[in-house]
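Chain residues, written in single-letter form:
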Amino acid sequence: MSYILQKLYDLCGMIAGGLILCICLLISAQICLNAFGRVAPGVFPSTIPSYADFSGFMLAGATFLAMAHTLRAGGHIRVNLVVSRLPQNVQFFAEIFVLGVAICLIGYGTYFMVALVAESLHYGDVSNGIVPISLWIPQSVAAFGIALLLVAVIHTLFELVSARKPILPSPGEV
């Protein structure tokens, strides 16, 4: 099960990277259209409709999809200055405490993100741009990403308890 979860975290990390690449391509295309519009007005359209909305949705998706992968890779900011000076058994209990608090906070955020998706579906909310996008679509990606982060934190807690020692890599070890 751990192998499958890790592959899911990695896949979501790759999708997040792909979304960042799509943002770069979309913004570059918009810049090129602006330049062509000044050189040869009327030949090409001067703007991509709702490009800012699309890039914002992709950025939100990339951010939330990358969180679980980043946690498991040890890329989240941690305060190692104090923890590294503690004995290993105290580090173990400190990580259990921190992961427990994280589960509570991320669970709270996940609950309300899913509620936001349900509310957007119920009311039929759409974006304000030229191209109306149902908001539940990008919100669902964000909700999936934060739910996956919750699974990753729970997964990490179980691995920590079964290993009986700190397991998260430090940023210097990545």
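Structure report, in brief. (Residues numbered from 1 in each chain as written. Predicted model: local features only at pLDDT ≥ 70, side-chain atom pairs only at ≥ 80, totals over all residues. Heavy atoms only, no water.)

1. Looking at the packing of aromatic side chains
Next, step 1: For the structure shown, the criterion picks out four aromatic pairs.
Next, step 2: Ring centres 5.4 Å apart and planes at 40° place the aromatic pair Phe-36 and Phe-44 in the tilted group.
Next, step 3: Given the relative accessible area of 44%, Phe-44 is considered partly exposed.
Next, step 4: Here the aromatic cluster, defined as three or more aromatic residues joined through ring pairs, consists of Tyr-108, Tyr-111 and Phe-112. (Phe/Tyr/Trp six-rings, centres within 6.5 Å; stacked < 30°, edge-to-face > 60°. Buried < 20%, exposed > 50% of the residue type's maximum accessible area, 1.4 Å probe, protein only.)

2. Observations concerning unusual backbone geometry
Next, step 1: We note that Ser-50 has phi near 60°; this positive angle belongs to a residue other than glycine.
Next, step 2: On the secondary structure map, Ser-50 appears in the loop between helix 1 (2-39) and helix 2 (51-73).
Next, step 3: For Ser-50, a relative accessible area of 8% puts it in the buried group.
Next, step 4: The backbone of Arg-164 shows a phi angle near 60°, a positive value even though the residue is not glycine. (Helix = DSSP H or I, 4+ residues; strand = E, 2+ residues; numbered from the N terminus.)

3. Remarks on the packing of helix 2 against helix 5 (residues 136-163)
Next, step 1: In contact at an axis separation of 8 Å, helix 2 and helix 5 are set at 5° when each is read in the N-to-C sense. In this view, helix 2 runs roughly parallel relative to helix 5, as classed from their interaxial angle.
Next, step 2: Among the residues forming the contact of helix 2 with helix 5, the class breakdown is 15 nonpolar, four polar and two charged. (Axes fitted to C-alpha atoms, helices over the stretch in contact; angles between N-to-C directions. Parallel < 35°, antiparallel > 145°, perpendicular 65-115°, else oblique. Nonpolar A, V, L, I, M, F, W, Y, C, P; charged D, E, K, R; others polar.)

4. A closer look at helix 4 (residues 88-123)
Next, step 1: Look at helix 4: 52 Å from first C-alpha to last across 36 residues, which is about the 52 Å you get at 1.5 Å a residue.
Next, step 2: For helix 4, the set of buried residues is Gln-91, Phe-92, Glu-95, Leu-99, Ala-102, Ile-106, Thr-110, Met-113, Val-117 and Ser-120.
Next, step 3: Along its buried surface, helix 4 packs onto helix 3 (80-83) and helix 5.
Next, step 4: Downstream of helix 4 by a residue or two, Gly-124 has a phi angle that is positive, lying close to 65°. (Expected span 1.5 Å × (residues − 1). Contact = heavy atoms within 4.5 Å.)

5. Quick notes on the nonpolar core
Next, step 1: Counting residues in each nonpolar core, the largest one holds 29 residues, and the members touching the most others are Tyr-9, Ile-106, Leu-149 and Val-153.
Next, step 2: For this core, the elements supplying multiple residues, two or more each, are helix 1, helix 2, helix 4 and helix 5.
Next, step 3: Take this core: its biggest share by element is ten residues, from helix 5. (Core = buried A, V, L, I, M, F, W, Y, C linked by side-chain atoms within 4.5 Å.)

6. Re the environment of Ile-4
Next, step 1: Note on placement: Ile-4 falls in helix 1.
Next, step 2: Owing to a relative accessible area of 56%, Ile-4 belongs among the exposed residues under this scheme.
Next, step 3: Separated by 132 residues in the primary sequence, Ile-4 and Trp-136 have C-alpha atoms spaced 27 Å apart.

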